[in-house]
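Geometric and topological summary
Chain residues, written in single-letter form:
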Amino acid sequence: MRVYLADLANQLVELDNKSIPIGVGYVGSYCKKVYADSVEVIIFRTFDQLRKAVLDSPPDIAGFGSYDWNSNLSLKAANFIKGVNPNCITVMGGANVEVSPKDNVVFLESHKQIDCLIYGDGEYAFAALVGAAIGAHEKGENPIKSVKQAAIDGIRGLDSGELLMGLPMNIVRDMDEIPSPYLTGLFDDLLNDPNLMPIIQNVRGCPYLCKYCVSGSQSGKVRHFSYERITSEIEYLRKNAK
């Protein structure tokens with residue numbers, strides 16, 4: 001199963017976001033932890049790199065981190081992928097995904113190139129989606145329809161005008177349960193790009209409930225990566241980042 005994950009930066013003149021895409025990296029590293037060699041996971045920061053990879057080896061699943069600065073670009077990229085492989089399952093997560101099911105219906109009806117949405121922490125839900133897709137391929141079933149009709153927890157998809165969704169997915173409470181995309185080598189190709197700056201996340205969540213911020217609508221519990229993990233990532237970057 002070939003999985004492409006992209007948090008795309010615009011590059012009209014130069015990259016407008018020069019950081020390593022840590023969010024989709026966590027999703028990819030957890031997916032690899034669950035399925036090991038059953039999945040190939042590649043992370044992308046630019047559309048040019050994604051486009052070349054899609055033309056060379058089209059993905060079975062494409063996931064996008066959607067934010068205000070790249071939502072249109074992500075939708076265009078998903079449309080391009082669907083043109084190359086209509087059976088690719090396209091998934092969108094990130095801060096732009098609305099919590100309201102009614103808003104999800106409006107979005108999915110307006111953007112047919114997106115099959116499924118993930119709200120909140122994406123690691124568990126995306127891994128469950130990949131598992132359902134693997135099962136559908138093994139049975140010779142339509143992967144997109146199978147994933148939608150499975151009503152996976154944390155996943156929302158539109159099928160014949162009906163929003164199919166499972167229960168809200170639990171947040172990740174033990175952050176070290178997610179393997180480091182640095183220490184596992186998932187980011188090694190990106191670390192060779194001198195235009196990209198590594199970033200390290202040491203906490204997730206926020207104790208406040210600000211209405212203007214996406215974190216305010218999610219769990220208020222602050223969750224920490226371990227000190228040992230963070231120091232190991234810093235040492236790895238010291239030795240391997242360009």
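I will try to describe carefully the structure that is included in this document. (Residues numbered from 1 in each chain as written. Predicted model: local features only at pLDDT ≥ 70, side-chain atom pairs only at ≥ 80, totals over all residues. Heavy atoms only, no water.)

1. Side note on the overall build of the protein
Scanning the protein from terminus to terminus reveals 8 helices and 9 strands. Relative to the compact-globule value of 18 Å for 242 residues, the protein shows a C-alpha radius of gyration of 17 Å, a close match. Along the three orthogonal principal directions, the C-alpha set of the protein runs to about 50 × 45 × 40 Å. Burial status across the protein gives 47% buried among its 242 residues. Sequence-distant contacts in the protein: of pairs separated by 6 or more residues, those separated by 24 or more amount to 73%. Of the roughly 12100 Å² of accessible surface on the protein, a fraction of 51% belongs to carbon and sulfur atoms. (Helix = DSSP H or I, 4+ residues; strand = E, 2+ residues; numbered from the N terminus. Rg over C-alpha atoms; globule rule 2.2 N^0.38 Å. Buried < 20%, exposed > 50% of the residue type's maximum accessible area, 1.4 Å probe, protein only. Contact = heavy atoms within 4.5 Å. Areas by Shrake-Rupley, 256 points an atom, 1.4 Å probe, with all protein chains shown as cover.)

2. What about helix H1 (residues 22–35)?
Because an α-helix packs 3.6 residues into every turn, residues spaced three or four apart end up facing the same way. Here H1 is 14 residues long and its end C-alpha atoms lie 20 Å apart, about the 20 Å a rise of 1.5 Å per residue gives. With respect to burial, H1 is a largely interior element, 10 of its 14 residues being buried. Among the residues making up H1, those that are buried are Ile22, Val24, Gly25, Tyr26, Val27, Gly28, Ser29, Tyr30, Cys31 and Tyr35. After H1 finishes, the residue Ala36 shows a positive phi value of roughly 50°. (Expected span 1.5 Å × (residues − 1).)

3. Some details on the state of the cysteines
Enumeration over the complete set of coordinates arrives at 0 disulfides. Free cysteine: Cys210, not disulfide-bonded; nearest cysteine sulfur from Cys206 at 6.2 Å. On the basis of relative accessibility, which here comes to 30%, the residue Cys210 falls in the partly exposed class. (Disulfide = S-S within 2.5 Å.)

4. Regarding the layout of surface pockets
Sizing a probe to match a water molecule and rolling it over the atoms shows the empty space that remains. In this structure, the largest pocket encloses a volume near 940 Å³. Lining the largest pocket are 39 residues, and of these Gly23, Tyr67, Gly94, Ala95 and Gly120 sit closest to its centre. Of all elements in the fold, only H1, strand E3 (61–65), strand E4 (89–93), helix H5 (123–139) and strand E8 (203–204) reach the threshold of two or more residues within the lining of the largest pocket. For the lining of the largest pocket, the element with the highest residue contribution is H1, accounting for 5 residues. (1 Å grid on protein atoms, 1.4 Å probe; cavity = no way out; pocket = protein on both sides within 12 Å on 5 of 7 lines; lining within 4 Å. Points joined across faces, edges and corners; volume = space filled by probe spheres on them.)

5. Notes on the packing of helix H2 (residues 47–56) against helix H3 (residues 71–84)
As a packed pair, H2 and H3 sit with axes 10 Å apart at the nearest point and diverge in direction by 10°. Between H2 and H3, the angle is such that the two are roughly parallel. Where H2 abuts H3, its residues Phe47, Leu50, Arg51, Val54 and Leu55 lie against Leu73, Ala77, Phe80, Ile81 and Val84. Split into classes, the residues belonging to the contact of H2 with H3 amount to 9 nonpolar, no polar and 1 charged. (Axes fitted to C-alpha atoms, helices over the stretch in contact; angles between N-to-C directions. Parallel < 35°, antiparallel > 145°, perpendicular 65-115°, else oblique. Nonpolar A, V, L, I, M, F, W, Y, C, P; charged D, E, K, R; others polar.)

6. Overview of the nonpolar core
Ile61, Phe126 and Leu129 are the most contacted members of the largest nonpolar core, which totals 45 residues. The leading source of residues in this core is H5, at 8 residues. When neighbours within four sequence positions are excluded, Leu129 is seen to be in contact with Ile61, Ile89, Val91, Cys116, Val147, Ile152 and Ile155. Ranked by size, the runner-up nonpolar core spans 23 residues in total, among them Val54, Ala78, Ile114 and Leu117. (Core = buried A, V, L, I, M, F, W, Y, C linked by side-chain atoms within 4.5 Å.)

7. Examining the pairing of strand E7 (residues 162–165)
By the bridge criterion, 4 bridges tie strand E6 (residues 155–159) to E7 in an arrangement that is antiparallel. Note that in E7 the partner of Leu158 across the bridge is Leu163. (Pairing = 2+ DSSP bridges.)

8. Notes on the packing of aromatic side chains
Using the criterion set out here, one finds 6 aromatic pairs in the structure. Centroid distance Tyr67 to Trp69: 4.9 Å. Interplanar angle 5°. Geometry classified as stacked. Exposure remark for Tyr67: the relative accessible area of 22% places this residue in the partly exposed category. On the numbers, 5.1 Å between centres and 65° between planes, the contact of Tyr182 with Phe187 is edge-to-face. (Phe/Tyr/Trp six-rings, centres within 6.5 Å; stacked < 30°, edge-to-face > 60°.)

9. Digging into the sheet that holds strand E1 (residues 2–6)
Ordered in space as E2-E1-E3-E4-E5-E6-E7, the 7 strands form an open sheet in which the pairing is mixed. Across the chains shown, the open sheet's two edge strands, defined by having one partner strand only, are strand E2 (40–44) and E7. Each neighbouring strand pair of the sheet contributes to a mean axis angle of 20°, computed without reference to strand direction. Relative to E3, E1 runs parallel, the two being bridged by 4 bridges. Looking across to E3, one finds that Tyr4 is bridged to Ala62. Those strands touched by H2 are E1, E2 and E3, and its axis lies near 165° from that of E1. The sheet strands contacting helix H4 (residues 101–110) are E4, strand E5 (116–118), E6 and E7, and the helix crosses E6 at an angle near 55°.

Fair warning: the whole summary comes from geometry, so function is off the table for now.
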